[in-house]
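Secondary and tertiary structure notes
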Amino acid sequence: MSNYISNALKYYKNYKRVSKLRKKGAKIGKNVVICKGCKFDSPEKLTIGDNVYIGNNFYANCIGGLTICTGTLISYNCTIMTYNHDYKEDLFMPYGLSNIYKEVIIKERVWIGINVNIAGGVVIEENSVIGMGTTVAKRIPAGSIFAGGRFLSEREEKRLQIIRTTYEN
């Protein structure tokens, strides 16, 4: 009985977190789980697809735009920044007062490991895996496994087709 109550309470708390983001202008699909301790700045620029899981203590500054597509899993303690200070501005050191805004797009069926940092302007293509503790500052091609700042492998297209077919049915 207590397990049932615990699960019901988790569901209710998740429902409240998702509802609160929707009220602030975020576009959020079905079956989205947003765990405790997650923070989204500028949620009106946030779009989340269906069947997405976002782990504890996730932080995203969405002011430049953030899209997380269907079937993505983001583990805990991850950070996504969609803006940065303009370090080329000469008025102040080490950076200027203006900001540079760049959208982050995470495509379908991406798995992002623990403690991953994602910089503005990044696109992570479908069926990719980002290993724990990685900082992503460039485009990740479809079907890649990227960890420690380097590509570990690229998945074969045939396997990706099997995954797509299984997922869609």
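Figured I'd write up the structure that's included with this text. The model shown is predicted, which means the values in this text are computed figures rather than measured ones.

Across its full length, the protein chain carries two helices and 19 strands. Of all 169 residues assigned to the protein chain, the portion counted as buried reaches 37%. Long-range contacts, defined here as pairs at least 24 residues apart, represent 20% of the contacts in the protein chain between residues at least 6 apart. Summed over its atoms, the accessible surface of the protein chain is roughly 10100 Å², and 55% of this surface lies on carbon and sulfur atoms.

With that out of the way, let us pick up unusual backbone geometry. Positive phi outside glycine occurs at Asn77, with the angle close to 60 degrees. Following the sequence through the fold, Asn77 ends up in the loop between strand S8 (73-74) and strand S9 (79-81).

We now examine the sheet that holds S9. In a beta sheet, neighbouring strands are held together by backbone hydrogen bonds and run either parallel or antiparallel to one another. Taken in spatial order, the five strands of this open sheet run S3-S6-S9-S14-S17, and their pairing is parallel. Looking at strand neighbours, the two that pair on one side only are strand S3 (39-41) and strand S17 (135-136), the edges of this open sheet.

Scanning all chains against the criterion turns up three aromatic pairs. Judged by centre distance (6.2 Å) and plane angle (35 degrees), the ring pair of Tyr83 and Tyr101 falls under tilted. Linking Tyr83 in strand S10 (residues 83-85) with Tyr101 in strand S11 (residues 99-101), this pair joins segments that are 18 residues apart in sequence. Judged by its relative accessible area of 44%, Tyr101 is partly exposed.

As a further point, take the sheet that holds strand S15 (residues 123-124). Overall, parallel pairing links the five strands, which are arranged S1-S4-S7-S12-S15 in an open sheet. Each edge of the sheet is formed by a strand with only one pairing partner; in this case those strands are strand S1 (27-28) and S15. Sheet topology note: the strand S12 (residues 104-106)/S15 ladder contains two bridges and is parallel. The residue bridging Ile106 from the neighbouring strand is Ile124, located in S15.

What follows is about the side chain of Ser128. Within the secondary structure, Ser128 is located in the loop between S15 and strand S16 (129-130). Of note is the side chain of Ser128, whose polar atom sits 3.0 Å from the backbone oxygen of Glu125. Those residues in contact with Ser128, other than ones at most four positions away along the chain, are Arg109, Val110, Trp111, Ile140, Pro141, Ala142, Gly143 and Ser144.

Counting residues in each nonpolar core, the largest one holds 32 residues, and the members touching the most others are Phe40, Ile54, Ile106, Ile112 and Ile118. Those elements giving two or more residues to this core turn out to be helix H1 (2-23), strand S4 (46-48), strand S7 (66-68) and S12. If we skip the residues at most four places from it in the chain, Ile54 touches Val33, Ile34, Cys35, Cys38, Phe40, Ile48, Ile68 and Ile74.

All right, on to H1 then. In an α-helix, one full turn covers 3.6 residues, which means residues spaced three or four apart are oriented alike. With 22 residues, H1 extends 31 Å from end C-alpha to end C-alpha; this agrees with the ideal 32 Å at 1.5 Å per step. Three or more residues of H1 are buried, namely Asn14, Val18, Ser19 and Leu21. Along the long axis of H1, the arc covered by the buried residues comes to 160 degrees, so they all point the same way. Across from the buried face of H1, at angles greater than 90 degrees, the exposed residues are Ser2, Lys20 and Lys23. On its buried face, H1 is in contact with S1, strand S2 (33-34) and S3.

Glancing now at the side chain of Glu125. Mapped onto the fold, Glu125 is located in the loop between S15 and S16. Residue contacts for Glu125: discarding those within four places in its chain leaves Lys107, Val110, Arg139, Ile140, Pro141 and Ala142.

A few words on a nonpolar patch on the surface. The grouping of Leu9, Tyr11, Tyr12 and Tyr15 at the surface amounts to a nonpolar patch, some 500 Å² of accessible area in total. Among the secondary structure elements, Tyr11 is positioned in helix H1. When its relative accessible area of 61% is taken as the criterion, Tyr11 is described as exposed.

The rules behind these values
Residues numbered from 1 in each chain as written. Predicted model: local features only at pLDDT ≥ 70, side-chain atom pairs only at ≥ 80, totals over all residues. Heavy atoms only, no water. Helix = DSSP H or I, 4+ residues; strand = E, 2+ residues; numbered from the N terminus. Buried < 20%, exposed > 50% of the residue type's maximum accessible area, 1.4 Å probe, protein only. Contact = heavy atoms within 4.5 Å. Areas by Shrake-Rupley, 256 points an atom, 1.4 Å probe, with all protein chains shown as cover. Pairing = 2+ DSSP bridges. Phe/Tyr/Trp six-rings, centres within 6.5 Å; stacked < 30°, edge-to-face > 60°. Polar contact = N/O pair within 3.5 Å; in protein donor to acceptor, adjacent residues only side chain to side chain. Core = buried A, V, L, I, M, F, W, Y, C linked by side-chain atoms within 4.5 Å. Expected span 1.5 Å × (residues − 1). Arc of directions from axis to C-beta. Patch = residues over 30% accessible without salt bridge, like charges linked within 9 Å, V, L, I, M, F, W, Y side chains within 5 Å. Salt bridge = Lys/Arg side-chain N within 4 Å of Asp/Glu carboxyl O.

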